Structures are given as structure tokens and as C-alpha cells.
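Below, each chain spelled out in residue letters.
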Amino acid sequence: MQLSEQEIVRRENLQKIKDLGFNPFPAEAFEVDFHSSEITTEQYQATLSQTLEQIKGIGPEQAVKLMDALFKSRGKSAPLLADEAFTKEVPITETVTFANGVARSPMPLDDFFAEARELALGAYAKDKKGTVQIAGRFMGQRGPFAKLQDSYGTIQLYIGKNDIGDTEEEKERYKKLVKLLDIGDFIGVRGEVFATGTGEVSIHARELIFLGKSLRPLPIVKRDKEGNVYDAFTDPEQRYRQRYVDLTVNPQIRNIFLKRSRLISAMRRFFDRQGWLEVETPVLQPIHGGAAARPFRTHHNTLDMPLYLRIANELYLKRLIVGGFEGVYEIGKMFRNEGMDRTHNPEFTSMEIYVAYKDYYWMMEMVEQCIEYVTKEVTGGTQVEYEGKMINFAGPYKRLTMFEAIEQYTSIDISEMDEAALRAVCKKLHIEVDESMGKGKLIDEIFGEKVEANLIQPTYIIDYPIEMTPLAKKHRTQEGLVERFELFVNGKEIANAYSELNDPIDQRARFEDQLRLAERGDEEAMALDDDFLRALEYGMPPTSGLGIGIDRLAMLLSNQHSIQEVLFFPQMRPKAELHEHHENSE
RNA sequence: GAGCCCGUAGCUCAGCUGGCUAGAGCACUUGACUUUUAAUCAAGGGGUCCUGGGUUCGAGCCCCAGCGGGCUCACCA
């Protein structure tokens, strides 16, 4: 393996650290009792400002002004006292007359400020008995000031020349160690929290423990006070292939995954509170049922039989309803052997839930409550900005039937049309169709082409044609329709639900219709699952079922525009480079 | 699967109409400075210009093929 110059230097530093008698990869745990975010400079300055008000009874505006001025002059009061304009604006209680003729407090501003500062930091220091222990990556040093990055952010360290070590010998040893630190090394620091003359909350290092060497240089991303970023690490390919680097140097990326995690846990909490059971069903399935999609195929050696990675878990969850559970749900990966783009990854996360004795009207209300709850838990509110549009997730959501929606956006009433008439409509609207498409698929094409993109605010589209929905119950009043809804947000489907079909005779007939579609060349037509039919024959209660695309919802709630941004490790083409390295090293 | 664009130092990027030994900032090394707030000063090192062919006296640049990526479209959630 070819090492770059910087990698060679780091390996040399590793050796030098060993030579100094430090273990660069120690086994011992390091107790962390403080995180960078526990006190930020902003929090400190706000507390300090309040403290200034309290101890001397000056107004909030003066307190802020005094603070700013003192930070700017590095905490030295002399230049401020000479500045008449400033001293006039910041009144201080007991007055005396200075040489310049202006009446001022007898207390030097330095002391006044120092007192307030001590009080402001006291709250944090007290908990920790004066010192804290913090660990993270060393992220560079300028003079005695170093940056330490932990999982919550960064904090400044002050590493004085002779502050670490008890004896002269030890001090020498630590001085050398500090010089050998590379950006990215893990260190632990024990020291007290203080604020520098410029007001930055820092830790005065009194002990340093080396915790882990970094042998590869990280990309250096710099940020100034206004938040401008220099030399950003932005190439999507590198960010996805080396997500660990992305997460290290672009800490804002963490927030996306934090939101994703909160989304899933909030949804789980919502369901668990209703008493519904979280379950797991097979990923490896002999028949890939429950959805229209092309599967991944694999092979089991012992059984010597083909198996498919699941494209859906619907038929298994319904078997559990047959088995007597009242509500079951599963959050898990589905696998579809189809195209990849910014909204499709070969494996994706779906949530499916089935609740007995309910129908799709009930489900619409449940979904509204669930999504509203989840949105609040993730973002703190119900309004979410996405691609510059405000989306309001507070229920109830608008409901439109499929036919109403098409009529609204095309002015064509297709509710009474047969297949031939629908083909004519498609032609008129310049929608491409082919011979394999049945009536349901044609309607779906018109909807997808003319309606979908317009559905920005959460909207239920209800009552689908029977042909495109083989697992849903026939509509209670409308001939040729099923009781199904999909939830659209920002022009994309994020949820799909039915009053589930529980009539085994009807279900068998629907599967047979699917087989006929398959014969016409529809590659995605559903396969017939005899065991599932047998389960239905034993009897399934009326049930409503729902599926939600978790990745899509995560995109909406974190304002991301590609699925790759909400997956830690999106699927990528293999890259030759790494293999070559292995070959060269052998 | 189709179209357009891209691939140059560890990172971000220049590189003219094909023409000297391929550049800058950060990062790295050495020295000075214990200081601040992306960036102190000075000096230095670092390159398979994605790969393979071709055209040419000469290719980072032009042509062909391939690999990888991004965006848009089509299918799917």
C-alpha cells in the first residue's frame, strides 16, 4: 500500500509517542463527565450578561454592551476607561471622579467583569467540583489553544506550556506529546472550565490522556464566525463511500440522522402506546408477495431452493392477524431489484401496520394523528419547510377520491370509462402506454402524470380501481373500486393503506387476475400465495393495514432531497481503487 | 436504460488556442512565536493530471473506448 507523505509522518509520530512511553491505543476506559455542548460560548455570554445585571443592577442593554466591549479588548478595562463615550454609556453604581472628569465606579472594570464571569461559570463548575473530564478528537492547535471535537460539537482547550505533569521531567514529556498530536487523534482531557479574554468557553487542560491515534489525515473544513465554510468536504461520492469522514468533518450531517432516529422511535412509541405489537417476519421468502416489484433472488444451500429477499411483509403480517393479534407492526428493510436514483435505494425501510376490526376511514384518522405526533417529536412543530415550501402536517388532511382528483386536474371524468376509452384519454393527454397495461394501470398512469405533482400539502387520495389493488377490500358502495388510500406529500406518495381483503374466495380470484396480467407481460404482477389463501380461509377479522416509506418521510422531515442523504450507507457501485491497494500490499 | 456535465496534490479548486520543469489556498515538514478565533511569519516537501489506446515534433487540454461520479428523464416506494 502506497502511503502518502502525511500518512508516513503520522506513522512516525505514532512511533515517537510510543518512544515517549505513552500507549497510543490504551485499553483503559476514560470516564467522560462533560460534553462540548453542555456549555457553549453563547450560553455563557447570556448567563454572564444576566449576572452583570444582577450583581450591579445595570440594565440589560448596558450589560451586553459592557460584555461586548470587554471581550473585544480581551477583558482589559484600561482602554475602556479612557474612552469617554463608553464610560458614559455604561453607568456603574457607586460613582467616583476619574482624571478625565467622568464619574465612575471605584471598582476596576477588570474586577467587576471577573466577578461576574466567575458567577456565570460557577453554575457549571460547581457540578463538576471545578474540573471536568472530556474526550474527543484533537482538531488542530494555534498557540496554546486547541480544538477538541466530541460527539456534541467542539470546545476549545487551553494547553499551557508547563501545565501538564507534576515533575519537570513529566512536563517535558507532555510538552513533547502535545507537539506530536495530529488532527483527528483522540485525547482525553481533565481540567477546569473557564472563559478566555475573548469570551470563548474553554477548558484549561491539567491532564492529558492519549486515547487513539489517527493515521490518515482528515479533510480540513474551516468555518468562520459568520458560518462561512472554507474547503468544504462536499463530493457526494466520497461523503457516501466514507460516511465516517463525512460525519467527522461535517457535523451538521449528524442532525439528519438524529431526526431519522427520532422519527422511528417516535413512531414506535405512538404504536406501542396503543398496545400494538412490534413483530419481525421473514426477510427470506419462498414467494415474494405483497407488492408489485422485481425481487432479489438468492439460494439456500441446505434446502437447495430459491429464496427471495422480501419486497413486502404484508402477507406475513396479515397471517399474524389471522393468528389472533389485534395490532401488529414491523419496521424493517425491504429489497427491490430496480433502478437507483435520488429517491430509490435497493434496500429501504418501511413500516407496515395491521389493526383488526378497523377500516380505512379509521386508518386515515390514525395516520393523521401519528404523522402529526411524529413531526412534532422530530422538529418541535407541525410545519416543515421543504424545498422552500411550508408543509403543514397537522391533521386532518384533505381527502379526494382518485376520480375526483383526476377530474380536478384534467377536467375529464373517467369514472364510467372502460379500457378502450381510457386508452383514448391517455392518447389525448400524451401519456405513453403499452399493451400490457390493464384498466387499473392506465388510470394509475393518468394520475401519476397529471395529478401527483400537484399534491403538495398532505392529501389522501382514496378509492382506487380494483385492478391495481389485489389485496384491498371491494368498496362498500362503489362498484369497481377498492377501499384504499394513499397519502401524498410534496407530490410523492408516503403512505398506502387499505381496508384489507379478508374474503378468501375473492382474494383467490384477484390473485388469478394478477396471473393473467403476468401472462400479458406485466413483470410486477403479484404471485399467488397458497399458504396465505389458506390462512384467510381459516378466517381473518376485518382489518385495516398501512405502509409508510420511512426514508421518504425522513427526507421530508429533514429537508433532504435525495434518499442517499438519509441513509448512512447508500448502495454504491464498487470502486476498484481499494482492491488494488490490497493487492499491492501483498 | 437514455441525455447532459464532471474526474488535476490528503481536501477545495485554477490550468488560455495543444507549447518551458503542472499551479494556488488549506493540510504536511523545519525553524521562530504560548498568541488566539477559517487564514502568524519564513523556508521546504508532496502529482499514475481516472484508466487504456490514438492523433501530433509535442497531450492535463484533441479523438476513441472503458471505469467512476453528479444532474435530468423513464420504471419502481
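Details of the structure are given in the entry above.
Residues numbered from 1 in each chain as written. Chains lettered and ligands numbered in written order. Predicted model: local features only at pLDDT ≥ 70, side-chain atom pairs only at ≥ 80, totals over all residues. Heavy atoms only, no water.

A.B. asks: Quick one: what's the story with the packing of aromatic side chains, residue by residue and with numbers?
C.D. replies: Counting across every chain of the model gives 15 aromatic pairs. Judged by centre distance (4.6 Å) and plane angle (50°), the rings of Tyr360 and Tyr361 are tilted. For Tyr360, a relative accessible area of 0% corresponds to the buried category. Taking the centre distance of 6.2 Å and the plane angle of 45° together, the rings of Phe568 and Phe569 count as tilted. What makes Phe569 exposed here is its relative accessible area of 60%. One aromatic cluster is present, formed by Phe270, Phe271, Trp276, Tyr329, Trp362 and Tyr373 through successive ring pairs. Its guanidinium or amino end placed over the ring of Tyr316, Arg319 lies 4.6 Å from that ring's centre, counting from NZ or CZ. Directly above the ring of Tyr464 sits Arg484, whose terminal nitrogen or CZ lies 4.4 Å from the centroid. (Phe/Tyr/Trp six-rings, centres within 6.5 Å; stacked < 30°, edge-to-face > 60°. Buried < 20%, exposed > 50% of the residue type's maximum accessible area, 1.4 Å probe, protein only. Lys NZ or Arg CZ within 6 Å of the ring centre and 35° of its normal.)

A.B. asks: I'd love a proper account of the environment of Ala527, names of residues and values included.
C.D. replies: Inspection of the secondary structure puts Ala527 in the loop between helix H16 (504–520) and helix H17 (530–538). In this structure Ala527 comes out as partly exposed when scored by relative accessible area, which is 23%. As a C-alpha pair, Ala527 and Pro295 span 232 residues in sequence and 12 Å in three-dimensional space. Discounting chain neighbours no more than four positions away, the residues touching Ala527 are Ile287 and Phe511. (Helix = DSSP H or I, 4+ residues; strand = E, 2+ residues; numbered from the N terminus. Contact = heavy atoms within 4.5 Å.)

A.B. asks: Tell me about the protein's contact with RNA strand B, and please be specific about residues and values.
C.D. replies: Gln156, Glu200, Lys222, Glu338 and His344 are the nearest of the 45 residues found near RNA strand B. Backbone atoms, meaning sugar and phosphate, form 55% of the atoms of RNA strand B found within 4 Å of the protein. In this structure, a sugar or linking oxygen belonging to RNA strand B sits 3.1 Å away from a side-chain N or O atom of Arg142. Here a sugar or linking oxygen of RNA strand B and a side-chain polar atom of Glu237 are 2.9 Å apart. For the surface near RNA strand B, the secondary-structure elements that each account for two or more residues are helix H1 (5–19), strand S4 (145–150), strand S8 (222–223), helix H8 (236–241) and helix H15 (439–450). A class-by-class count of the residues in the surface near RNA strand B yields eleven nonpolar, nine polar and 25 charged. (Near = heavy atom within 4 Å. Polar contact = N/O pair within 3.5 Å; in protein donor to acceptor, adjacent residues only side chain to side chain. Nonpolar A, V, L, I, M, F, W, Y, C, P; charged D, E, K, R; others polar.)

A.B. asks: Residues and numbers for the sheet that holds strand S19 (residues 459–465), please.
C.D. replies: Across the sheet, which stays open at both edges, the eight strands sit in the order S10-S14-S15-S22-S21-S20-S19-S18 with mixed pairing between neighbours. Of all strands in the sheet, those with a lone pairing partner are strand S10 (277–278) and strand S18 (398–401), marking the two edges. For strand S21 (residues 492–499) and strand S22 (residues 543–549), the ladder comprises five bridges, and the chain directions are antiparallel. Bridge pairing links Asn496 to Gly547 in S22. In the packing of helix H13 (residues 402–410) onto the sheet, contacts are made with S18, S19 and strand S20 (481–489), and the angle to S18 comes to roughly 90°. Helix H18 (residues 550–558) rests against strand S15 (347–356), S20, S21 and S22 of the sheet, and its axis sits at about 55° to S22. (Pairing = 2+ DSSP bridges. Axes fitted to C-alpha atoms, helices over the stretch in contact; angles between N-to-C directions.)

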